[in-house]
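The residues making up each chain are set out below.
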Amino acid sequence: MSAEAPLGTRPAYRLWAATYDVENPLTTMDSLAVHFFSHDIAGKDLLDAACGTARRLVFPAGHEPRSSCGVDLVFEMLAAGRRDRSRPRTTAGGDLRALPFGAGAFDVVWCRLAAGHLLQIAPLYREFARILRKGGYAVVTDFHPEAIRRGHARAFRDVSGASHVVEHVVHDEEAHELAAREAGLTFDASGSLGVGSEVRLFYERAKKLDRYAADLGLPLLLALRFSK
């Protein structure tokens, strides 16, 4: 891993855009958790807040939401996604703390692996409470605080192969629950996913099976669901 200072969100994701679709242990766990917490999206209006390249907004036949939309802060991420014709055209630029949508616009909101890039998460949950319809819900995932305490970091390789670390703020589960409750949302459930057989192949490809053995069981992903 590079010893350089962590990059801020915008410069990091501008560099990451070209390689962002490459899966890693954290994104694999994220997909499992989001499927578990939002398996009932068919026929609903869905927003992926901080959608990146919108790669998650491609659905198997028969399981599509009624509509899907993505919003992201970084133009390069959105542009990379729009080059893939299989992905939705309905993406827009916007900040998680001031989403460009009217009140009650969505049934389901995803915020995947992005909350830790915000210094404060109260504005995030106020926006979710505003744009969700009554009976709707939000699924939020992020890097698990325990993983950060154990020395893990949000990192990626750019097209040249250089490694970079992204600035990340630790928000523990209690902080998420408090911010959501103060915004008027109700806590439904939470869970964590740890290093196990589902991600062993990533360590094997990186020739880091010794690290896999050391990380086994370590929670990498925190996932939460809140309803309105």
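Our subject is the structure listed above.
These lines cover the structure that appears in this document, whether it is placed above or below. Model, not experiment: these values are computed from the prediction.

Thresholds applied
One numbering rule holds for all chains: residues counted from 1, following each sequence as written. pLDDT decides what is reported in this predicted model: residues at 70 or higher carry local features, side-chain atom pairs at 80 or more are listed and counted, and totals for whole chains, interfaces and linings draw on all residues regardless. Remark: hydrogens and water are excluded; side-chain values derive from all non-hydrogen atoms of the structure. For two strands to be treated as a pair, DSSP must find no fewer than two bridges joining them. Secondary structure elements are taken from DSSP: a helix is a run of H or I of four residues or more, a strand is a run of E of two residues or more, and numbering for both begins at the N terminus. The axes used here are C-alpha line fits, helices contributing only the stretch in contact, and every angle between their N-to-C directions lies in the interval 0 to 180 degrees. Classification of residues uses two cut-offs on accessible area relative to the type maximum, computed with a 1.4 Å probe and protein chains only: under 20% is buried, over 50% is exposed, and between them is partly exposed. Polar contacts here mean pairs of N or O atoms no more than 3.5 Å apart (in protein, one a potential hydrogen donor and the other a potential acceptor; neighbouring residues in sequence count only if both atoms are side-chain atoms). Throughout, a residue-residue contact means that at least one pair of heavy atoms, one from each residue, lies within 4.5 Å. For Phe, Tyr and Trp, rings pair up if their centres lie within 6.5 Å, where Trp contributes its six-membered ring, and each pair is then called stacked (planes under 30 degrees apart), edge-to-face (over 60) or tilted (otherwise). We call a charge positioned above a ring when the Lys NZ or Arg CZ atom is no farther than 6 Å from the ring centre and deviates by at most 35 degrees from the ring normal.

**Side note on the sheet that holds strand 5 (residues 132-143)**
No. 1: What the seven strands build is an open sheet, ordered 3-2-1-4-5-9-8; its pairing is mixed. The sheet is open, and its two edges are formed by strand 3 (91-93) and strand 8 (186-194), each paired on a single side. The sheet shows a mean angle of 15° between the axes of neighbouring strands, direction not considered.
No. 2: Bridge analysis of strand 1 (residues 45-49) against strand 4 (residues 106-112) gives four bridges, and the strand direction is parallel. In the sheet register, Leu47 faces strand 4, and the bridge partner there is Val109.

**Some details on the side chain of His117**
No. 1: Note that His117 resides in the loop between strand 4 and helix 4 (122-131).
No. 2: A residue is classified by how much of its surface remains accessible, and His117, at 17% relative accessible area, is buried.
No. 3: Within the structure, the side chain of His117 is placed 3.1 Å from the backbone oxygen of Glu167, a separation counted as a polar contact.
No. 4: Among all residues touching His117, those that are not within four sequence positions of it are Thr9, Tyr13, Arg154, Val166, Glu167 and His168.

**Some points on unusual backbone geometry**
One can expect most non-glycine residues to show negative phi and most peptide bonds to be in trans.
No. 1: Phi at Ala54 takes a positive value of approximately 65°, unusual for a residue other than glycine.
No. 2: If you trace the backbone, Ala54 turns up in the loop between strand 1 and strand 2 (67-72).
No. 3: Its relative accessible area of 3% is what places Ala54 among the buried residues.
No. 4: Phi is positive for Leu113, close to 60°, though the residue is something other than glycine.

**A closer look at the packing of aromatic side chains**
No. 1: One pass over the structure, following the stated rule, counts 11 aromatic pairs.
No. 2: Here Phe101 and Phe106 contribute two aromatic rings whose centre-to-centre distance is 5.1 Å and whose plane-to-plane angle is 90°, an arrangement assigned as edge-to-face.
No. 3: Among the residues examined, Phe101 registers a relative accessible area of 18% and is labelled buried.
No. 4: A relative accessible area of 6% means that Phe106 is categorised as buried.
No. 5: Taken together, the aromatic side chains of Tyr13, Trp16, Tyr20 and Phe156 make up a single cluster linked through ring pairs.
No. 6: Of note, Arg55 hangs over the ring of Tyr20, and the distance from its end group to the ring centre comes to 5.4 Å.
No. 7: Its guanidinium or amino end placed over the ring of Tyr137, Arg225 lies 3.6 Å from that ring's centre, counting from NZ or CZ.

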